Each structure stands twice: as C-alpha cells, then as structure tokens.
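# Structure at a glance
Each chain is listed here by its residues.
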Amino acid sequence: MGWTPQQEAAINARGASVVVSAAAGSGKTSVLVERLTVMLSEPEFPAEKMVVVTFTNDAAGEVRARLNRALANRIAQEPENDWLRRQMTMLQSANISTIHSYCIRLLREQFAQLDISANF
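Residues numbered from 1 in each chain as written. Predicted model: local features only at pLDDT ≥ 70, side-chain atom pairs only at ≥ 80, totals over all residues. Heavy atoms only, no water.

Bringing the side chain of N95 into the picture now. Tracing the chain through its elements places N95 in strand β2 (residues 95-98). Only 3.1 Å separates the side chain of N95 from the side chain of R105, close enough to count as a polar contact. Ignoring any residue separated from it by four or fewer positions in sequence, one finds N95 in contact with M50, V51, V52, Y102 and R105. (Helix = DSSP H or I, 4+ residues; strand = E, 2+ residues; numbered from the N terminus. Polar contact = N/O pair within 3.5 Å; in protein donor to acceptor, adjacent residues only side chain to side chain. Contact = heavy atoms within 4.5 Å.)

This is the structure we're talking about:
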C-alpha cells in the first residue's frame with residue numbers, strides 16, 4: 001500500500017505513544033496494523049506486552065483479525081522465522097480491546113492495591 005508521509009510517520013515512530021486521529025475510511029486501522037506488524041517483527045517488542053485500545057468491540061476485533069492475517073503473511077514470506085511464529089501464538093492473548101474493557105480488566109487485577117471491593 002502507498003502510505004502518505006503522515007501515515008509513514010505514524011507507522012515508523014518509536015520511543016513514544018502515537019495517537020492517530022482521522023476521518024472514517026482514511027486508513028487508521030491499516031496504519032495501526034502495519035505499525036504493529038513492523039513492531040512485532042522486532043525482538044524487543046513481544047506481543048504479550050502490547051496494549052491496543054479502540055472505541056468499539058468491532059474495531060478491536062478488526063484490528064486483531066487484520067494483525068493475525070498480516071503476521072500470517074509475514075510468516076509465509078519467512079517460514080523459518082521462529083520469532084514471528086511465537087508472536088502469532090502470543091497474539092491470541094494480547095491486550096486488544098476497548099478502552100472500557102481494558103480499564104475494567106486492570107481494576108479486576110489490581111482491586112486489592114486500589115483498596116476497592118473485589119466485586120465492584
């Protein structure tokens with residue numbers, strides 16, 4: 001795909017979080033998936049450590065499905081790459097969810113440290 005300079009910047013930025021805000025149909029999900037695919041190819045970025053938050057469950061599902069396909073394509077190009085195979089396996093448990101789901105998960109995991117009831 002031909003990326004715009006702004007999309008390229010978002011895909012290749014490292015060392016900081018990136019916020020992508022654009023109109024519907026402008027390629028936000030494609031940029032995010034490409035960014036994650038490139039990053040997951042790097043040994044210092046394990047899939048089980050990533051957090052991807054979206055606004056809707058459908059968007060989270062779409063990101064996960066596209067990322068799964070993108071990694072499968074990379075593995076097909078590099079069948080001997082054990083790191084990518086591990087990443088594909090770990091992707092199943094990666095934190096890709098809505099912001100609400102992510103926050104609730106954090107609260108459930110940390111309720112004791114936050115001094116809140118376990119059945120909040």
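Tracing the backbone through its elements, the reader meets S97 in strand β2. For S97, the residues in contact, after removing those within four places along its chain, are V52, V53, T54, A60 and Y102.

What follows deals with a nonpolar patch on the surface. Side chains of I104, L107, L114, I116 and F120 sit close together on the surface and give an oily, nonpolar patch of about 410 Å² of accessible area. Counting through the fold element by element, I104 comes out in helix α5 (residues 99-110). (Patch = residues over 30% accessible without salt bridge, like charges linked within 9 Å, V, L, I, M, F, W, Y side chains within 5 Å. Areas by Shrake-Rupley, 256 points an atom, 1.4 Å probe, with all protein chains shown as cover. Salt bridge = Lys/Arg side-chain N within 4 Å of Asp/Glu carboxyl O.)

The next thing to look at is the environment of I75. Take I75: it is sitting in helix α3 (residues 57-77). Not counting residues up to four positions away in its chain, the partners in contact with I75 are L84, R85 and M88.

Before going further, it helps to examine the pairing of strand β1 (residues 51-54). On β1, burial follows the alternation: V52 and T54 on one face are buried, whereas V51 and V53 on the facing-out side are not. One ladder, built from four bridges, connects β1 with β2; its direction is parallel. Bridging from a neighbouring strand, V53 pairs with S97 of β2. (Buried < 20%, exposed > 50% of the residue type's maximum accessible area, 1.4 Å probe, protein only. Pairing = 2+ DSSP bridges.)

This next bit is on the packing of α3 against helix α4 (residues 82-91). Geometry of a packed helix pair, given as the angle between the helix axes and the separation of the axes. Interaxial distance between α3 and α4 falls to 10 Å at its minimum, and their mutual angle equals 160°. By the criterion of interaxial angle, the relationship of α3 to α4 is roughly antiparallel. Taken as a pair, α3 and α4 cross one another with a handedness that is left-handed. Contact with α3, carried on its side by R64, L67, N68, L71, A72, R74 and I75, involves L84, R85, Q87, M88 and L91 of α4 and no other residues of that element. Grouping the amino acids of the contact of α3 with α4 by side-chain chemistry returns seven nonpolar, two polar and three charged. (Axes fitted to C-alpha atoms, helices over the stretch in contact; angles between N-to-C directions. Parallel < 35°, antiparallel > 145°, perpendicular 65-115°, else oblique. Left-handed = near helix turned anticlockwise from the far one by under 90°. Nonpolar A, V, L, I, M, F, W, Y, C, P; charged D, E, K, R; others polar.)

That is the geometry; function is a separate question.
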